[in-house]
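Fold and geometry: a report
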Amino acid sequence: MATTTDVLAEITGMLVEILGDEFLIADEVTMSTSFNEDLALESIEFVALAELLYERYGSEVDLMGFLAEKDMDAILAMSVGDLVTHITLVTHASLARTSSAAAGSTARATATASATPTAG
């Protein structure tokens, strides 16, 4: 299970990849770093970030969908921490659904096996 620190490190790596390490020093990115004021991310860079997030986390983490839920002021004020929190919540919820489904499958398989007569 990814921690907030892990997700922040992954997002920082993605931002370095997008913006270039000569522009962005990885140690400078914190939970309070803003995409607009601090990083001056442009729309094409958000698209690149969305692609990297999709490659890493799959369709569960939909950056464009996350942004679509916000008004312009909220998008402009968004911090790296807001995205990290979103990813952490989405991935934990997805993991919980997967664990629950796996537990249900195991329980059904056990019930089926115990109900099946054995040859003897």
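Residues numbered from 1 in each chain as written. Predicted model: local features only at pLDDT ≥ 70, side-chain atom pairs only at ≥ 80, totals over all residues. Heavy atoms only, no water.

Labelled according to an unreviewed UniProt entry, the protein appears under the name Acyl carrier protein, originating from Streptomyces vinaceus.

Further remarks concern the overall build of the protein. For the protein, the helix and strand inventory stands at five helices and zero strands. Along its sequence from the N terminus, the protein presents helices and strands in the succession α-α-α-α-α. Across the 120 residues in the protein, those meeting the buried criterion constitute 33%. Taking all contacts inside the protein whose residues are at least 6 apart in sequence as the whole, residues at least 24 apart take part in 63%. Working note: accessible area of the protein is about 7,400 Å², and carbon and sulfur atoms make up 57% of it. (Helix = DSSP H or I, 4+ residues; strand = E, 2+ residues; numbered from the N terminus. Buried < 20%, exposed > 50% of the residue type's maximum accessible area, 1.4 Å probe, protein only. Contact = heavy atoms within 4.5 Å. Areas by Shrake-Rupley, 256 points an atom, 1.4 Å probe, with all protein chains shown as cover.)

Let us now look at a nonpolar patch on the surface. A surface patch of nonpolar side chains, about 260 Å² in accessible area, is lined by I44, V47 and M64. Inspection of the secondary structure assignment puts V47 in helix 2 (residues 43–57). (Patch = residues over 30% accessible without salt bridge, like charges linked within 9 Å, V, L, I, M, F, W, Y side chains within 5 Å. Salt bridge = Lys/Arg side-chain N within 4 Å of Asp/Glu carboxyl O.)

What follows deals with the nonpolar core. The biggest cluster of nonpolar side chains holds 27 residues, and the ones touching the most others in it are I11, F35 and L53. Looking at this core, the elements with two or more residues in it are helix 1 (4–19), helix 2, helix 3 (63–68) and helix 5 (80–115). Excluding anything up to four places from it in sequence, F35 contacts L15, A40, L41, F46, L49, M78, S79, V80 and L83. (Core = buried A, V, L, I, M, F, W, Y, C linked by side-chain atoms within 4.5 Å.)

What follows covers the packing of aromatic side chains. This model, assessed by the stated rule, comprises one aromatic pair. Look at F35 and F46: their rings are 5.4 Å apart centre to centre, the planes differ by 50°, and that puts the pair in the tilted class. Taken together, the residues span a long stretch of sequence, with F35 in the loop between helix 1 and helix 2 and F46 in helix 2 at a distance of eleven residues. Each member of the pair, F35 as well as F46, carries the same accessibility label: buried. (Phe/Tyr/Trp six-rings, centres within 6.5 Å; stacked < 30°, edge-to-face > 60°.)

Here helix 1 contains 16 residues, and its C-alpha end-to-end distance of 22 Å stays within 8% of the 22 Å for a straight helix at 1.5 Å per residue. Looking only at helix 1, the buried set comprises V7, L8, I11, T12, M14, L15, V16 and L19. The first or second residue beyond helix 1 is G20, which carries a positive phi of 90°. (Expected span 1.5 Å × (residues − 1).)

Time to look at the side chain of T33. Note that T33 resides in the loop between helix 1 and helix 2. A polar contact is formed between the side chain of T33 and the backbone nitrogen of T30, at a distance of 2.8 Å. Contacts of T33, omitting those with residues within four sequence positions, involve E28, D38, L39, S79 and V80. (Polar contact = N/O pair within 3.5 Å; in protein donor to acceptor, adjacent residues only side chain to side chain.)

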